[in-house]
Amino acid sequence: MPFLGQDWRSPGQNWVKTEDGWKKTTLEENNKVSMESFCKVKEEECFNKENLLISLGYEMSAKKRRKDLMNNNTKAPYFHREKWIYVHKGSTKERHGYCTLGEAFNRLDFCSAIKDTRRFNYVVRLLELIAKSQLPSLSGVAQKNYMNILERVVQKVLDDQQNVRPIKELLQTLYVSLCGLVQDMGKSVLVGNINMWVYRMENILQWQQQLDNIQINRPTCTDMTLTDLPASLQLSIMHRLSDGRDLVSLGQVCPELGVLTEDRLLWKKLCHYHFTDRQIRKRLMVSDKGLLEWKKMYFKLSRCYPHREQYSDTLHFCTHCHILFWKDHPCTANNPENCTMSLSPQDFINLFNF
């Protein structure tokens, strides 16, 4: 049995186990070996800690990248791929939670819908309704997604120089809503730092300024223009306009068009297009000659009632399989046409207010 402690017969000497066996060392040699072993252990600990920190850093950066992808960065929107989603309104043992408005807004393909002229007005109207009352109910990801989609809408209008007025009204509605919501930031109304929302409000003002600076130049070609067409064709084109303000603006181009925009049948069709017969009967206006003033009735009805909304393409909801979709989907019902209903932007929001 080797002697493990200090040898009392030779003070200052120790038995130390080495690769070659037990050896007797002096105190100075023992301290030197101890210091070397101590330094070696410390080096290994520092190396391990450094590797641990590096691995943690890699793991955190990987998590941040995954989070950024899920949060739908402006530069890399990988998030909007689905053309339909399942809307569940209850919680069961097999499925927990609810499908919220923000979740549907995130998962449906609204980015591609903006590029489609048939769906553009639908998306703009939906953004306007959310800006009026539903923005605080969205999650932080959905609020960020809302601003990203809005930026794309504004950029499309700036590039195409079309639909300028609806976007101006949308930005004005959103700015007024944010002015009231930013004051309640301490009440968990909006998600994020107040400076971030102030910066977004500054962007809205900048977009409004860019839209105000749009100048549509007259074409330099000498081809036939609208005023060169026969009056019947000009009236036929005016019947395609769905907003009375567009007719008023068109009538200010020249006196000849101004006379045509006063056509009573034109304003009568506009009234019946946007309002119900009951609403029209409540707001009848008769001239001194005993004729109905359809133009005045239209603007009076516009102040009292919302316009009836009609879109070329809308979101649909299947009551059989609870699928919300842009296009047709394979339904298992015997007669899918009877269980599929078209949703207006307000109906889309009401679908989640249960």
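Only a predicted model underlies this, so the values are computations on that prediction, with no experimental measurement involved.

K.L.:
Explain the pairing of strand 4 (residues 315-318) residue by residue, including any values.
P.N.:
Here strand 4 pairs with strand 6 (residues 340-343) via four bridges, running antiparallel. Looking across to strand 6, one finds that F317 is bridged to M341. By the bridge criterion, three bridges tie strand 4 to strand 5 (residues 323-325) in an arrangement that is antiparallel. Looking at strand 5, one finds that C318 is bridged to I323. The antiparallel pairing of strand 4 with strand 5 creates a hairpin that spans four residues between the two strands, and H322 there sits at a positive phi of about 60°.

K.L.:
Can you explain the packing of helix 5 (residues 140-160) against helix 6 (residues 164-182)? Please cite residues and give values.
P.N.:
It is at 10 Å that the axes of helix 5 and helix 6 come closest, and there the two elements cross at 150°. The orientation of helix 5 relative to helix 6 falls into the category roughly antiparallel. Taken as a pair, helix 5 and helix 6 cross one another with a handedness that is left-handed. Residues Y146, M147, L150, V153, V154 and V157 of helix 5 touch helix 6, and the partners they reach there are V164, I167, L170, L171 and L174. The class makeup of the residues in the contact of helix 5 with helix 6 is 11 nonpolar, no polar and no charged.

K.L.:
Requested: an account of the packing of aromatic side chains, with residues and values cited.
P.N.:
Considering all chains together, one arrives at 11 aromatic pairs under this definition. Taking 5.6 Å as the distance between ring centres and 50° as the angle between the ring planes, the aromatic pair formed by W267 and F299 counts as tilted. Note that W267 is positioned in helix 11 (residues 264-274) and F299 in helix 13 (residues 294-304), a separation of 32 residues in sequence. The class for F299 is partly exposed, based on a relative accessible area of 25%. Through successive ring pairs, a cluster of aromatic residues spans F105, F110, Y122, Y146, Y311, W326, F348 and F352.

K.L.:
Tell me about the sheet that holds strand 3 (residues 84-86), residues and numbers included.
P.N.:
Spatially, the four strands line up as an open sheet ordered 3-5-4-6, and their pairing is antiparallel. Single-partner strands in this sheet number two, and they are strand 3 and strand 6. Neighbour to neighbour, the strand axes of the sheet diverge by 25° on average, direction disregarded.

K.L.:
Now, about the nonpolar core: what can you tell me, with residues and values included?
P.N.:
With 55 residues, the main nonpolar core has F110, Y146, L324 and F348 as its most contacted residues. Looking at this core, the elements that each hand over two or more residues are helix 2 (101-107), helix 3 (110-115), helix 4 (117-134), helix 5, helix 6, helix 7 (194-212), strand 4 and helix 15 (345-350). For L324, the contacting residues outside a window of four places in its chain are K83, W84, I85, V87, L108, L315, H316, F317, L343, F348, L351 and F352. Of all hydrophobic cores here, the second largest spans 17 residues; its members include M238, L266, W294 and Y298.

K.L.:
Pulling in residues and values, what's your account of the pattern of salt bridges?
P.N.:
All told, the structure shown has 13 salt bridges when counted by the stated rule. For the salt bridge of R118 with D116, the shortest nitrogen-to-oxygen distance reads 2.9 Å. For R245, the salt bridge identified is with D243, shortest N-O distance 3.0 Å. When salt bridges that share partners are traced, they join R165, E169, D243, R245 and D246 into one network.

K.L.:
Can you break down unusual backbone geometry residue by residue, with the values?
P.N.:
Even without being a glycine, N163 presents a positive backbone phi close to 55°. With respect to the secondary-structure elements, N163 resides in the loop between helix 5 and helix 6. Residue H322 is not a glycine yet carries a positive backbone phi of 60°. Relative to the elements of secondary structure, H322 occurs in the loop between strand 4 and strand 5. On the basis of relative accessible area, H322 is assigned to the partly exposed category, the value being 32%.

Rules of the game
Residues numbered from 1 in each chain as written. Predicted model: local features only at pLDDT ≥ 70, side-chain atom pairs only at ≥ 80, totals over all residues. Heavy atoms only, no water. Pairing = 2+ DSSP bridges. Helix = DSSP H or I, 4+ residues; strand = E, 2+ residues; numbered from the N terminus. Axes fitted to C-alpha atoms, helices over the stretch in contact; angles between N-to-C directions. Parallel < 35°, antiparallel > 145°, perpendicular 65-115°, else oblique. Left-handed = near helix turned anticlockwise from the far one by under 90°. Contact = heavy atoms within 4.5 Å. Nonpolar A, V, L, I, M, F, W, Y, C, P; charged D, E, K, R; others polar. Phe/Tyr/Trp six-rings, centres within 6.5 Å; stacked < 30°, edge-to-face > 60°. Buried < 20%, exposed > 50% of the residue type's maximum accessible area, 1.4 Å probe, protein only. Core = buried A, V, L, I, M, F, W, Y, C linked by side-chain atoms within 4.5 Å. Salt bridge = Lys/Arg side-chain N within 4 Å of Asp/Glu carboxyl O.

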